[in-house]
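Analysis of the macromolecular model
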Amino acid sequence: FTPIKQDTKKGQLREFKKGDLYFNYGCLPQTWEDPTFVHPDAEGCKGDNDPVDVVEIGARIVPVGGVRPVKVLGILMMIDEGEADWKVVTTD
């Protein structure tokens with residue numbers, strides 16, 4: 001069972017407030033970025049203790065909790081507040 005819940009950061013609900021954008025943002029359920037593992041490409045940063053993020057580039061808005069097939073374009077790692085944050089970039 002993977003419940004759907006809104007992400008929080010420092011006790012506050014996280015919300016994207018930049019207007020209409022052509023992407024959907026979510027995660028791969030039941031995955032986890034290990035906060036004890038330092039990837040060789042992460043400049044000494046450990047995992048962010050969150051599920052792996054997925055960014056889907058496209059013009060259709062997917063409803064909350066929606067599941068859909070996508071094609072993987074690539075994977076990138078960002079350093080966010082000293083933690084490695086992996087993103088799977090996809091398209092529909």
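Description of the structure in this document. Predicted model, so just to flag it, every value in this text is computed and none were measured.

Some remarks on the pattern of salt bridges
Should their charged atoms come close, side chains of opposite charge can pair. The full count for this structure, using the stated rule, is 4 salt bridges. Taking the shortest distance from any N to any O, the salt bridge between D53 and K87 comes out at 2.7 Å. Here D53, found in strand β5 (residues 53–57), pairs with K87, found in strand β7 (residues 83–91); they are 34 residues apart in sequence, far enough to count as distant. A relative accessible area of 10% means that D53 is categorised as buried. On the basis of relative accessibility, which here comes to 9%, the residue K87 falls in the buried class. Note that R60 and D92 form a salt bridge whose closest N and O atoms lie 2.9 Å from each other. You can see R60 sitting in the loop between β5 and β6 (71–80) and its partner D92 sitting in the segment after β7, a full 32 residues away along the chain. Owing to a relative accessible area of 34%, D92 belongs among the partly exposed residues under this scheme.

A short note on the environment of D34
Mapped onto the elements, D34 comes out in the loop between β3 (23–27) and β4 (46–47). Note on D34: relative accessible area 29%, which makes it partly exposed. Measuring from C-alpha to C-alpha, the distance between D34 and A59 comes to 32 Å, with 25 residues separating the pair along the chain.

Digging into the environment of E81
Among the secondary structure elements, E81 is positioned in the loop between β6 and β7. A residue is classified by how much of its surface remains accessible, and E81, at 53% relative accessible area, is exposed. Placed 33 residues apart in sequence, E81 and D48 show a C-alpha to C-alpha distance of 9.3 Å. Those residues within four positions of E81 in sequence are excluded, and the remaining contacts are K9 and K10.

So, how was this worked out
- Residues numbered from 1 in each chain as written.
- Predicted model: local features only at pLDDT ≥ 70, side-chain atom pairs only at ≥ 80, totals over all residues.
- Heavy atoms only, no water.
- Salt bridge = Lys/Arg side-chain N within 4 Å of Asp/Glu carboxyl O.
- Helix = DSSP H or I, 4+ residues; strand = E, 2+ residues; numbered from the N terminus.
- Buried < 20%, exposed > 50% of the residue type's maximum accessible area, 1.4 Å probe, protein only.
- Contact = heavy atoms within 4.5 Å.

Just geometry here; none of it tells us what the structure is for.
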